[in-house]
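Observations on the three-dimensional arrangement
Chain by chain, the residues:
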Amino acid sequence: MTTNEKETSKKNKQETSESITLPKNFLVPFLLLSLKQWNMHGYKLMQVLFDLGFTTLDSSNVYRILRQLEKESYIKSSWEYGMEGPAKRIYSITDAGEEYLKTCHNSFTQYNQMLQTFFSIYTNSFFPFSNSDQSFKDD
């Protein structure tokens, strides 16, 4: 491997470790959760998702997912006609969507427990005496 190839490989590894992104499967539960709280149009949904931490959303991808969720009966839409501007498609969650959201909640609860275990083990590997220090203080 040449020096140039090594530098490129090292740079790619650094970029990968520095650019942390959420798994794509988090988008659907957050979409449904947002619609559970408010009925809204696609653009407003994207603003809410951005505020929740989804900073690199592709609008065409969000609308594709919304169409798929509607096809699967997790959401429904209707047209809202206002005095200003064109009509807007307003999305809302269905009973099936709420059931799917409950399933996500159960899965995320288990996932959260696994993450807590990971962080506990990880922290203890760097600070092995932090828990034992607490037991000395309790005595």
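Rules and cut-offs
- Residues numbered from 1 in each chain as written.
- Predicted model: local features only at pLDDT ≥ 70, side-chain atom pairs only at ≥ 80, totals over all residues.
- Heavy atoms only, no water.
- 1 Å grid on protein atoms, 1.4 Å probe; cavity = no way out; pocket = protein on both sides within 12 Å on 5 of 7 lines; lining within 4 Å.
- Points joined across faces, edges and corners; volume = space filled by probe spheres on them.
- Helix = DSSP H or I, 4+ residues; strand = E, 2+ residues; numbered from the N terminus.
- Nonpolar A, V, L, I, M, F, W, Y, C, P; charged D, E, K, R; others polar.
- Axes fitted to C-alpha atoms, helices over the stretch in contact; angles between N-to-C directions.
- Parallel < 35°, antiparallel > 145°, perpendicular 65-115°, else oblique.
- Left-handed = near helix turned anticlockwise from the far one by under 90°.
- Contact = heavy atoms within 4.5 Å.

Under an unreviewed UniProt entry, the name given to the chain is Poly-beta-hydroxybutyrate-responsive repressor, and the source organism is Gottfriedia luciferensis.

Some words on the layout of surface pockets
To find leftover empty space, one rolls a probe the size of a water molecule over the atoms. For the second largest pocket, the calculated volume is near 200 Å³. Every residue along the wall of the second largest pocket is listed here: Pro29, Phe30, Leu33, Lys36, Glu98, Leu101, Lys102, Cys104, His105 and Phe108. Those elements that place two or more of their residues in the lining of the second largest pocket are helix H2 (27-37) and helix H5 (95-126). Broken down by class, the residue content of the lining of the second largest pocket amounts to six nonpolar, one polar and three charged.

Examining the packing of helix H3 (residues 42-51) against helix H4 (residues 59-71)
Running from N to C, H3 and H4 point in directions that differ by 110°, and their axes come no closer than 11 Å. Here H3 lies roughly perpendicular to H4, going by the angle between them. Two packed elements cross with a definite hand, and for H3 against H4 that hand is right-handed. The residues of H4 that touch H3, namely those facing Gly42, Tyr43, Leu45 and Met46, are Ser59, Val62, Tyr63 and Leu66.

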